[in-house]
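# Reading the structure
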Amino acid sequence: MNIILLGPPGAGKGTQARLMEDRHGMKQLSTGDMLRAAVAAGTETGRRAKTIMDRGELVPDDVVVGIISDRLGQPDVRGGFILDGFPRNTAQAEALDRMLAGKGLKLDAVIEMKVDDEALVGRITGRYTCAKCGKGYHDRFEIPKAAGVCDVCGGTQFNRRADDNEKTVRDRLFVYNAQTAPLVQYYSGRGVLRTIDGMADIAEVTRQIEDVLKGPQRPI
Ligand code: ADP
Ligand code: AMP
């Protein structure tokens, strides 16, 4: 299946996408992760993106559309993909429609994850990841079983994102509400939108997503 996880920063898109990769063999396509990799690698794209990301604004459409177009052309996405953080505005959604049509791919569902703004701020300011394998954690909501040791790979180094501070989070939420939230209408009008309660705990959100995946689909 090919799906979009649609929701504000901190909604749990990355957490659920990684669980779906494990369960269903679908590929997580996170534009945020791809841009952070470009920043870490010091590429021209990464240098252009970094200052924009630090301000919590959107990187230009041509950059992210180019990244996703390349990725959708690779054979490993043929078994299904989960778009996480893309599209983020109507122009990107229209570009995605054209890309999918051009590559003979369809979209099975767009899953909107609804979470209150104050909960999002708490989730993002407490977020960190294993430096070795990328597993996500939270200071209060997802703690490693052994303190300071990654459950997945045993790594002991962890990273926090430069943009996961309260000021930038509020700017990112503003950008989400202004530019990304209109995609709810865009996809509900096309009959593929499914809304779930992202305020529930991680396991319950997974159950809700599984229900959507099992339910009837009308791919577009
Ligand atoms: P997104 O990819 O949408 O920005 P993440 O998946 O990175 O969000 O989740 C943000 C933070 O909130 C992470 O630290 C994660 O462990 C935590 N988290 C994710 N889902 C939930 C949930 N349902 N309840 C509480 N915390 C969650
Ligand atoms: P995320 O990891 O999805 O929270 O994204 C982190 C940052 O990367 C965002 O605040 C944007 O600056 C940038 N970004 C990620 N995806 C996109 C996108 N689809 N369009 C524009 N900018 C993006």
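Below or above, wherever it landed, is the structure these notes cover. (Residues numbered from 1 in each chain as written. Chains lettered and ligands numbered in written order. Predicted model: local features only at pLDDT ≥ 70, side-chain atom pairs only at ≥ 80, totals over all residues. Heavy atoms only, no water.)

A count of helices and strands for the protein chain gives nine helices and eight strands. At 17 Å, the protein chain has a C-alpha radius of gyration in line with the 17 Å of a compact globule built from 220 residues. Considered along the principal axes of its C-alpha atoms, the protein chain spans approximately 45 × 40 × 35 Å. Sorting the 220 residues of the protein chain into buried and exposed places 46% on the buried side. In the protein chain, 70% of the contacts between residues at least 6 apart in sequence involve partners at least 24 apart. Total accessible area computed for the protein chain in this model is approximately 10700 Å², and 52% of it derives from carbon and sulfur atoms. One finds the centroid of the 32 positive side-chain charges in the protein chain at a distance of 3 Å from the centroid of its 30 negative side-chain charges. (Helix = DSSP H or I, 4+ residues; strand = E, 2+ residues; numbered from the N terminus. Rg over C-alpha atoms; globule rule 2.2 N^0.38 Å. Buried < 20%, exposed > 50% of the residue type's maximum accessible area, 1.4 Å probe, protein only. Contact = heavy atoms within 4.5 Å. Areas by Shrake-Rupley, 256 points an atom, 1.4 Å probe, with all protein chains shown as cover. Lys, Arg positive; Asp, Glu negative; His and termini not counted. Charge placed at Lys NZ, Arg CZ, Asp CG, Glu CD.)

Here the focus is the environment of Arg160. With respect to the element layout, Arg160 can be found in the loop between β7 (158-159) and α7 (166-180). Considered as a pair, Arg160 and Leu183 are 23 residues apart in the sequence and their alpha carbons are 29 Å apart. Looking at Arg160, its side chain comes within polar contact range of the side chain of Asp139, at 2.8 Å. (Polar contact = N/O pair within 3.5 Å; in protein donor to acceptor, adjacent residues only side chain to side chain.)

Listing the buried residues of helix α2 (residues 31-41) in full gives Thr31, Gly32, Leu35 and Ala38. Looking straight down α2, one finds its buried side chains confined to an arc of 125°; they lie on one side. Across α2 from its buried face, at more than 90 degrees, point the exposed residues Ala40 and Ala41. Along its buried surface, α2 packs onto β2 (27-30), α3 (44-55), α4 (61-72) and β3 (81-84). Looking one or two residues past α2, Gly42 carries a phi angle of roughly 70°, positive in sign. (Arc of directions from axis to C-beta.)

As summarised here, the arrangement of the three strands in space is β6-β5-β7, forming an open sheet in which the pairing is antiparallel. Two strands lie at the open edges of the sheet, namely β6 (136-138) and β7, each paired on one side alone. Two elements, strand β5 (residues 127-130) and β7, share two bridges in a ladder whose sense is antiparallel. Residue pairing in the sheet places Cys130 in a bridge with Phe158 of β7. (Pairing = 2+ DSSP bridges.)

The local shell around ligand 2 holds 16 residues, among which Thr31, Arg36, Glu57, Gly85 and Gln92 are the closest. Between ligand 2 and Gly85 there is a distance of 2.9 Å, counted from a nitrogen atom to a backbone nitrogen or oxygen. The contact in question runs from a nitrogen atom of ligand 2 to an N or O atom on the side chain of Gln92, over 3.0 Å. Contact with the protein chains removes 96% of the 480 Å² of surface that ligand 2 exposes when unbound. The element best represented in the shell around ligand 2 is α2, accounting for four residues. Class assignment of the residues belonging to the shell around ligand 2 gives a composition of six nonpolar, four polar and six charged. (Near = heavy atom within 4 Å. Nonpolar A, V, L, I, M, F, W, Y, C, P; charged D, E, K, R; others polar.)

Read these as geometric descriptors, not functional statements.
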